[in-house]
Every structure is written in C-alpha cells, then in structure tokens.
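# What the coordinates show
Residue strings, one per chain:
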Amino acid sequence: GDSVTQMEGPVTLSEEAFLTINCTYTATGYPSLFWYVQYPGEGLQLLLKATKADDKGSNKGFEATYRKETTSFHLEKGSVQVSDSAVYFCALTYNQGGKLIFGQGTELSVKP
Amino acid sequence: DTGVSQDPRHKITKRGQNVTFRCDPISEHNRLYWYRQTLGQGPEFLTYFQNEAQLEKSRLLSDRFSAERPKGSFSTLEIQRTEQGDSAMYLCASSSQGDSGNTIYFGEGSWLTVV
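Residues numbered from 1 in each chain as written. Chains lettered and ligands numbered in written order. Predicted model: local features only at pLDDT ≥ 70, side-chain atom pairs only at ≥ 80, totals over all residues. Heavy atoms only, no water.

## Structural notes on the overall build of chain A
As a reminder of what qualifies: Where helices and strands are cited, they refer to DSSP runs of H or I of at least four residues and of E of at least two residues respectively, numbered from the N terminus. For the radius of gyration, the atoms used are the C-alpha atoms, and the globule rule reads 2.2 Å times the number of residues raised to 0.38. Note on classification: 1.4 Å probe, protein chains only; a residue is buried when its accessible area is under 20% of the maximum for its type, exposed when over 50%, partly exposed between these limits. In this analysis, two residues are considered to be in contact whenever any of their non-hydrogen atoms come within 4.5 Å of each other. To measure how exposed things are, a 1.4 Å probe is used in the Shrake-Rupley method; for residues, cover is taken only from the protein chains shown.
Summing up its helical and strand segments, chain A has 0 helices and 12 strands in all. Going from N to C terminus, chain A has its helices and strands arranged as β-β-β-β-β-β-β-β-β-β-β-β. Since a compact globule built from 112 residues should have a radius of gyration of about 13 Å, the 13 Å found for chain A is in line with a globular shape. With the C-alpha coordinates aligned to their principal axes, the bounding extent of chain A is approximately 40 × 30 × 20 Å. The proportion of buried residues among the 112 residues of chain A is 46%. Within chain A, counting contacts between residues at least 6 apart in sequence, those at least 24 apart form 56% of the total. For chain A, the accessible area works out to roughly 5,200 Å², and carbon and sulfur atoms hold 47% of it.

## A closer look at the packing of aromatic side chains
Here the distance between the centres and the angle between the planes together describe a pair of aromatic rings. Here is the rule: Under the pairing criterion, centres of Phe, Tyr and Trp rings, with the six-membered ring standing for Trp, must be within 6.5 Å; the plane angle then separates stacked pairs below 30 degrees from edge-to-face pairs above 60, leaving the rest tilted. Consider the ring centre and the ring normal. A charge sits over the ring if Lys NZ or Arg CZ is within 6 Å of that centre and within 35 degrees of that normal.
In the structure shown here, the tally under the stated rule is 13 aromatic pairs over all chains. Between Phe 89 of chain A and Phe 102 of chain A, the aromatic rings sit 6.0 Å apart at their centres with planes inclined by 85°, giving edge-to-face as the arrangement. Of this pair, Phe 89 of chain A sits in strand β10 (residues 86-93) while Phe 102 of chain A sits in strand β11 (residues 101-102), placing them 13 residues apart in sequence. Accessibility expressed as a relative area gives 12% for Phe 102 of chain A, which makes it buried. Members of the aromatic cluster, connected to one another through ring pairs, are Phe 34, Tyr 36, Phe 89 and Phe 102 of chain A together with Tyr 35, Phe 45 and Phe 106 of chain B. A cation over an aromatic ring shows up here: Lys 99 of chain A above the ring of Phe 45 of chain B, its NZ or CZ 5.2 Å from the ring centre.

## Here's the deal with the interface of chain B and chain A
What counts is decided by this rule: Accessible area that two parts lose when put together, with a 1.4 Å probe and added across both, is what the buried area reports. Only one rule defines a salt bridge in this text: a Lys or Arg side-chain nitrogen within 4 Å of an Asp or Glu carboxyl oxygen. Two N or O atoms count as a polar contact when they lie within 3.5 Å, although within protein this holds only if one can serve as hydrogen donor and the other as acceptor, and sequence-adjacent residues are included solely when both atoms are side-chain atoms. Basically, the charged four are Asp, Glu, Lys and Arg, the nonpolar ten are Ala, Val, Leu, Ile, Met, Phe, Trp, Tyr, Cys and Pro, and anything else, Gly included, counts as polar.
Of the residues lining the interface, 23 residues belong to chain B; the matching set on chain A comes to 22 residues. Here chain B and chain A share an interface that buries about 1,700 Å² over both sides, 53% of which is from carbon and sulfur atoms. Counting across the chain B and chain A interface gives 1 salt bridge. The salt bridge involving Glu 56 of chain B is made with Lys 99 of chain A; its shortest N-O contact spans 2.6 Å. Linking chain B to chain A there are 10 residue pairs in polar contact (both at pLDDT 80 or more). Mapped by element, the contributors of at least two residues to the side of chain B that touches chain A are β4 (31-37), β5 (44-50), β9 (88-95) and β10 (105-106) of chain B. At 4 residues, the largest contribution of residues to the side of chain B that touches chain A is made by β4 of chain B. Taken together, the residues of the side of chain B that touches chain A sort by class into 11 nonpolar, 8 polar and 4 charged.

## Some thoughts on the pairing of strand β3 (residues 19-24) of chain B
Side-chain positions along a regular strand alternate between the two faces of the sheet. Residues and elements named next belong to chain B. Under the convention used in this document: Two strands pair if DSSP finds at least two bridges between them.
Here β3 shows a buried face lined by Val 19, Phe 21 and Cys 23 and an unburied face lined by Thr 20, Arg 22 and Asp 24. Examined bridge by bridge, strand β1 (residues 5-7) and β3 share 3 bridges and lie antiparallel to one another. Within β3, the residue paired with Ser 5 across the bridge is Asp 24. One ladder, built from 5 bridges, connects β3 with strand β8 (residues 75-79); its direction is antiparallel. Looking at the pairing, Thr 20 lines up with Glu 78 of β8.

## Quick notes on the sheet that holds strand β3 (residues 19-21) of chain A
All names here are of chain A. Our working rule: Geometry is summarised by axes, namely lines fitted to C-alpha atoms with helices restricted to the contacting stretch, and by angles between N-to-C directions that run from 0 to 180 degrees.
With antiparallel pairing, 4 strands are arranged side by side in an open sheet as β3-β9-β8-β7. The sheet is open, and its two borders are formed by β3 and β7 (56-59), each paired with just one other strand. The average angle at which neighbouring strand axes cross in this sheet is 15°, direction not considered. In the sheet, β3 pairs with strand β9 (residues 75-77) via 3 bridges, with the strands oriented antiparallel. Bridge pairing in β9 places Ile 21 opposite Leu 75.

Here you go:
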C-alpha cells in the first residue's frame, strides 16, 4: 500500500542554519505530495505542495521538489528562524480523491 | 473563503457521555475528511465523504463513532459512550473535486478530553 516515511526527529538547529527534512514515499499511482506544518496546540497548515514529477513547491522560504526517480519530496530552507519551530508532516494523496497519507512527523526546534 | 471551521474547539466530558463535533468545510468543497490526532502522533484517518456519500471508513471508526454529512455541506462526528482513550484532537479537512491536485485544507481541530 501507499506510505510516507520521514526522517526521525527532533531536529535541533541554530537560527540561520540550513534545514533539510527527508521524506520518501511509496505509491501505487501518481500522487500529489504535500508538506504540512503544525504549531503547538493548533491544526495543520498547508505549507507547500507539488502535483506532478519535477514540480517544485515553495512557500515562506521553504522548498521541496517532487522527485519521481527517487520517490522523494525533501523539505529545505536556507535559513531557519526561531518561529519555524514546529512539527512538519509530509503527506500524499491522489487527485481523484481519497485520504491524505501522512508520515510520522518531524519536530523542528530552532534555537536563537 | 473563511476556511474550514470546527465547533467546539474544546470539549471536556465525563466517561460514558456522548459528544458531537461539527465541521463546516470551505464552501465550494465537496470532499470532507475526519482525522484523529493524539499527542505526539501524526493524524490518523477516520472517514471521508464526497458530497453526502461516505466513501471510506477506517477500522479506527468503531461502532461508537458515527459521522454524517446529510446535505453534502457540514458534517458531524458523534462519539457515543466516550472512553478515556478517545481523548484526542479531532481534525476536519476539506477539498474540491475540481482541484486537480486534491489539495486538502484542515480546520483548527476540536480537542476532546474525557475524564
């Protein structure tokens, strides 16, 4: 079945450091891929998405490229801020409908 | 576009009582999803509607849980005879069949504490 695997956290970085959170997926079809962010006590916010191979999603300095050949969708940011501290979820779904399948989440903590 | 809204945001109930959560999706969205999330875990899928039809239910949705979407607009999630293990955040989400990427938007969640 379909699944998403993320690197384990927590990830602790200093402010202005480079961030990579790895995400790989297994899919039977051609899914859309997403990154969601969750701040403490809140719901999930859509961070970025890519709907087909080689698409790059970007938002608020974060980027991820849909790599079909490596079945990956790694999240990157060049310079993290304390306000980026949150839990990040990688997920996939299909455009014809159906549920989101989530990775286990990666907690990011950015220290000043 | 007011986003996905959920009510109530917080609910404390005694074990054995029934609780109901309401979700209003983004107005033009015909797909609606319910998830459950416990502390430190990722969201777990519960059920999914397209219009008023419930197309998929997780095994997590025991017979104490029921979800409805009677007119294809808002949805309710009812938990009967609550147990302490039901304490979690219940997340509602929606998407549009017309969106080729099926982008799914979440509400702020409804926290349930069973005491």
